[in-house]
Amino acid sequence: MNGTNVLVSGASFAGLTTAYWLNNQGYQVTLVEVAQGLKKGGTPVDIVDQTVDIVKRMNIFDEVRAHALPPRLTEFKRVDDTVEARMEAEPLDEDGDQARYEVPRDDLLRILFDNIKDDVEVIFGDSITTLTDTPDGVRATFRTAKDRDFAMVFGCDGNHSLVRKLRFGAESEFSHFLGAYFAISIVDKGIVEPNTTVINSVPGKTVMLNSYVDKTDICFLFRSETEIPYDYRNQDEQRQILIDRFTDHGWRSADLLKDMATADNFYFDKLCQVKMPRWSEGRIALVGDAAYCASPAAGMGGSLAIIGATALGDALEQHGTDIDAAFEAYDRNLRPFVENVQADVVSFGLATFFPATEDEIQKRNEFLLQ
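Scope of this entry: the structure provided in the associated data block.

What counts as what
- Residues numbered from 1 in each chain as written.
- Predicted model: local features only at pLDDT ≥ 70, side-chain atom pairs only at ≥ 80, totals over all residues.
- Heavy atoms only, no water.
- Helix = DSSP H or I, 4+ residues; strand = E, 2+ residues; numbered from the N terminus.
- Rg over C-alpha atoms; globule rule 2.2 N^0.38 Å.
- Buried < 20%, exposed > 50% of the residue type's maximum accessible area, 1.4 Å probe, protein only.
- Contact = heavy atoms within 4.5 Å.
- Areas by Shrake-Rupley, 256 points an atom, 1.4 Å probe, with all protein chains shown as cover.
- Lys, Arg positive; Asp, Glu negative; His and termini not counted.
- Charge placed at Lys NZ, Arg CZ, Asp CG, Glu CD.
- Phe/Tyr/Trp six-rings, centres within 6.5 Å; stacked < 30°, edge-to-face > 60°.
- Pairing = 2+ DSSP bridges.
- Axes fitted to C-alpha atoms, helices over the stretch in contact; angles between N-to-C directions.
- Expected span 1.5 Å × (residues − 1).
- Arc of directions from axis to C-beta.
- Polar contact = N/O pair within 3.5 Å; in protein donor to acceptor, adjacent residues only side chain to side chain.

Re the overall build of the protein
Assigned secondary structure in the protein consists of 11 helices and 18 strands. What you see for the protein is a C-alpha radius of gyration of 21 Å, in line with the 21 Å of a compact globule of 370 residues. With respect to the three principal axes, the spread of C-alpha positions in the protein is 65 × 50 × 35 Å. By residue count, 52% of the 370 residues in the protein fall in the buried class. For the protein, the share of sequence-separated contacts (at least 6 apart) that also reach a separation of at least 24 residues comes to 70%. Carbon and sulfur atoms make up 48% of the accessible area of the protein, which amounts to about 16900 Å² in all. Once the 37 positive and 60 negative side-chain charges of the protein are each reduced to a mean point, those two points are 3 Å apart.

Listed below in structure tokens is the structure:
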């Protein structure tokens, strides 16, 4: 195969899965990640529906299942801690299998990385600085590594993608604010019953706790009609935004804000979706959140990245050296699914996890009680 050197930017679910399929097809893959290693932390990932079939195709299903968390009960509670609605944990089938497998993020990243680390070139602690078209592909320059030519480049570098910025334009052109913000910290202790999600909502504000193994995800979610200006590098400023919003919330908020203030991990961002008229240009294509972030309210960010990378891999395998046809098929085949997921966020995800009014809270609870 001629022109087999390809570059993948980003070593998360989209990048690792893209690297796997490209390596399987005989490409010489270079994977570059700005962090010094795999980015640890974050909430568990749902492996469900077609993603189950994909991890079976990748020959990692048994390991995924071995690390899966027990099915989780979800309770929606009032401020006085009484339960107002409940979603029961999904039962196991007669063979002990599940319809969905919730896997700790660090475990899934390690499984995917172990599946490719001996077969692809991995460069940690570096990033792309420019991308220039050449007659045979793309020349990439890096912050520290030497310039190199590649047949194709894949931006798998997340919602704030650098590859997207370099080739397609500013983030503001494609990022659509959904009128809400969220913050997540993970603490090494149980706060509620194990294998339970507890959600408390008042109009415009939600606190969610996910308990699993010996950890708890602490999540603060709130609505905002306009975007809030803040320094994305200043976590103290971001924590203060939460304190200002939730000081009078009640329930467990005061103690949870203290837990979040001392946690060694913290993530704060707006709820947004990435919508683009095309996911490729020339020999450069985007995968995962860089191309079609659905937002955490979708509940399937990791799965969508794996599904997208697999759709890209299948298109390249089908069309071989006709890269234009492969990228067109990737877009054509995957876009209806992406658009449905993004629409579900607006119609279901926001109303479930970010209810703006008392009426939305009551409609959510009545729906769950059916």
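Moving on from the model shown.
What about the packing of aromatic side chains?
Here the structure, examined in full by the defined rule, presents 15 aromatic pairs. Aromatic pair phenylalanine 113 and phenylalanine 124: ring centres 6.0 Å apart, planes at 45 degrees, arrangement tilted. Of this pair, phenylalanine 113 sits in helix α4 (residues 105-114) while phenylalanine 124 sits in strand β7 (residues 121-124), placing them 11 residues apart in sequence. Judged by its relative accessible area of 27%, phenylalanine 124 is partly exposed. The interplanar angle of 70 degrees and the centroid separation of 6.3 Å between the aromatic rings of phenylalanine 222 and phenylalanine 246 together place this pair among those described as edge-to-face. One end of the pair, phenylalanine 222, is in strand β15 (residues 215-223); the other, phenylalanine 246, is in helix α6 (residues 235-246), and 24 residues separate them in sequence. On the basis of relative accessible area, phenylalanine 222 is assigned to the buried category, the value being 0%.

A closer look at the environment of alanine 294
Tracing the backbone through its elements, the reader meets alanine 294 in the loop between α8 (289-292) and α9 (301-319). Along the sequence, alanine 294 and isoleucine 186 sit 108 residues apart, while their C-alpha atoms lie 22 Å from each other. Residues in contact with alanine 294, not counting those within four places in the same chain, are Cys272, Gln273, Leu304, Val341, Gln342 and Val345.

Quick look at the sheet that holds strand β9 (residues 137-142)
The strands making up a sheet are joined through hydrogen bonds of the backbone, oriented either antiparallel or parallel. Taken in spatial order, the 3 strands line up as β8-β9-β10 in an open sheet, and their pairing is antiparallel. Each having just a single partner strand, β8 (128-134) and β10 (148-150) make up the two edges of the open sheet. The mean inter-strand angle of the sheet, taken between neighbouring strand axes irrespective of direction, is 30 degrees.

Quick look at α6
If you check α6, its first and last C-alpha atoms are 16 Å apart, about what 12 residues at 1.5 Å a residue would give, namely 16 Å. Buried residues of α6: Gln238, Arg239, Ile241, Leu242 and Phe246, and no others. Projected onto a plane normal to the axis of α6, the buried residues spread over an arc of 150 degrees and lie on a single side. Of the exposed residues in α6, those oriented more than 90 degrees away from the buried face are Asp236 and Asp244. The inward-facing, buried residues of α6 contact β12 (175-187), β14 (205-212), β15, α7 (253-262) and β16 (267-274). The N-cap of α6, judged by a side-chain oxygen 3.1 Å from the amide nitrogen of aspartate 236 a few residues on, is asparagine 234.

Some words on the pairing of β14
Where a strand is regular, its side chains alternate between the two sheet faces. The element β14 is extensively covered by neighbouring structure, given that 7 of its 8 residues are classed as buried. Here strand β13 (residues 196-202) pairs with β14 via 7 bridges, running antiparallel. Paired with serine 201 across the strands is threonine 206, a residue of β14. Here β13 hands over to β14 after 2 residues, with glycine 204 in that stretch at a positive phi of 85 degrees. Pairing of β14 with β15 involves 8 bridges; the strand directions are antiparallel. In the strand pairing of β15, leucine 209 is matched with isoleucine 218. Joining the antiparallel neighbours β14 and β15 is a turn of 2 residues, in which valine 213 adopts a positive phi near 50 degrees.

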